[in-house]
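Analysis of the macromolecular model
Okay, here's what each chain looks like letter by letter:
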Amino acid sequence: MSVEPYGADEESAAVLRTVGRVIKMCRERAGLTQAALGAQIGYSEEQVSSVERGRRAPMEEFLDAADRALEANGLIIALKGDVEKARFPKKVRDLAKLEAQAVEICAYDNSVVNGLLQTEEYQRAVFRSRRPAFTEEQVDQLVRARLARQEIVPRTDTALSFVHDEAALRRPVGGKMVLRRQLERLLEVGQMPHVEIQVLPLESEDNGGLDGPFHLLRLRDGATVGHSDIQLVSRLISDRRELQILELRYGIIRAQALTPRTSLTYIEKLLGET
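Below, the structure is looked at part by part.

1. Details of the packing of aromatic side chains
- For the structure on display, the rule yields four aromatic pairs.
- Taking the centre distance of 4.9 Å and the plane angle of 65° together, the rings of Tyr43 and Phe62 count as edge-to-face. One end of the pair, Tyr43, is in the loop between helix 2 (34-41) and helix 3 (45-52); the other, Phe62, is in helix 4 (residues 60-69), with 19 residues separating them in the sequence.
- With 6.2 Å between their ring centres and 80° between their planes, Phe214 and Tyr250 make a pair best called edge-to-face. In this pair, Phe214 sits in strand 4 (residues 214-219) while Tyr250 sits in helix 11 (residues 240-256), placing the two residues 36 residues apart along the sequence.
- The exposure class of Tyr250 is buried, given its relative accessible area of 3%.
- In this structure an aromatic cluster arises from ring pairing among Tyr108, Phe214 and Tyr250.
- Above the ring of Tyr266, the side-chain terminus of Lys269 is found at 5.1 Å from the ring centroid.

2. Notes on the nonpolar core
- Residues Phe162, Leu169, Leu183, Leu186 and Ile267 are the most contacted members of the largest nonpolar core, which totals 34 residues.
- Every element with two or more residues in this core is listed here: helix 6 (90-100), strand 1 (102-109), helix 7 (120-128), strand 2 (159-165), helix 10 (176-189), strand 3 (195-200), strand 4 and helix 12 (260-273).
- Of the residues forming this core, the biggest block, six residues, is contributed by helix 10.
- Look past the residues within four positions of Leu169 in its chain and what remains in contact with it is Val113, His164, Leu179, Leu183, Leu186, Val199, Ile267 and Leu270.
- One finds Ala57, Phe62, Ala66 and Ile76 within the second-largest nonpolar core, a separate group that totals 21 residues.

3. Structural notes on the sheet that holds strand 2
- As summarised here, the arrangement of the six strands in space is 3-2-1-4-5-6, forming an open sheet in which the pairing is mixed. Each edge of the open sheet carries a strand with a single partner, namely strand 3 and strand 6 (233-237). The average undirected angle you get between the axes of adjacent strands in this sheet is 10°.
- Here five bridges tie strand 5 (residues 224-230) to strand 6, and the two strands are oriented antiparallel to one another.

4. Comments concerning the pattern of salt bridges
- Applying the stated criterion to the full structure yields 21 salt bridges.
- Glu166 is the salt-bridge partner of Arg170, the closest N and O atoms lying 2.5 Å from each other. Here Glu166 and Arg170 lie together in helix 9 (residues 166-170), a separation of four residues that amounts to about one turn.
- Among the residues examined, Arg170 registers a relative accessible area of 37% and is labelled partly exposed.
- Here Arg254 ties to Glu196 by a salt bridge, and the two come within 2.5 Å at their closest N and O atoms. In this pair, Arg254 is assigned in helix 11 and Glu196 in strand 3, connecting sequence segments 58 residues apart.
- Residue Glu196 is classed as partly exposed on the basis of its relative accessible area, which comes to 32%.
- Where salt bridges share partners, they join Glu104, Arg218, Arg240 and Glu247 into one cluster.

Rules and cut-offs
- Residues numbered from 1 in each chain as written.
- Predicted model: local features only at pLDDT ≥ 70, side-chain atom pairs only at ≥ 80, totals over all residues.
- Heavy atoms only, no water.
- Phe/Tyr/Trp six-rings, centres within 6.5 Å; stacked < 30°, edge-to-face > 60°.
- Helix = DSSP H or I, 4+ residues; strand = E, 2+ residues; numbered from the N terminus.
- Buried < 20%, exposed > 50% of the residue type's maximum accessible area, 1.4 Å probe, protein only.
- Lys NZ or Arg CZ within 6 Å of the ring centre and 35° of its normal.
- Core = buried A, V, L, I, M, F, W, Y, C linked by side-chain atoms within 4.5 Å.
- Contact = heavy atoms within 4.5 Å.
- Pairing = 2+ DSSP bridges.
- Axes fitted to C-alpha atoms, helices over the stretch in contact; angles between N-to-C directions.
- Salt bridge = Lys/Arg side-chain N within 4 Å of Asp/Glu carboxyl O.

Given below as structure tokens:
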């Protein structure tokens, strides 16, 4: 997945421009120059200017300090949620919006643990393995976005079904201790009544998912959307014929995998071997 810089898409840019205008309005109302505001909150004049022009996404510390210095009574602090979402790549925002509308999410993964179930340290290891390498700022950005998406996991009004190829659960991403904590996380989430986690063992001769990972999202309005993220291509799938193929494949993969109860026992076995 490529990482877009702040404001790379019009939706993000519009949010950051609005945030900048609000801060500028509050600053001018307080009778401060950009340099004076920067001196009060510990930022340079250039940084304040970049935020006001919508060219820089302000950090939480900037917003907190500006709200106090300008006596905005929470007006600037209230912008935090919008700014945080604007930091995320557009593809992540689009997927998160669909997940929030879903009554059921089905996912098959054969390389790494599904992103909705990853621990933070596992996520960082996954993103740091990318070549060409992400910067640490990009890694932080992607981790924040993925953790935000995970807010859907405890929601009992969304059924979650995950099938993992055993290879994804054996790969020591980040090292053995990171993998151990990741397997423990799977066992924890697998106890939730609305979550089913299944394992497709390596010894299985049949695997309907050899073409790679994919998601199926069944939305509240009755529509179904697919998502595929392979190599340099991340795409949402709405074509009915393609969705029929993915639905057929997922049904076959679930049938080929161990049952949810047996899968948790299998994960416990893998944990003991790690």
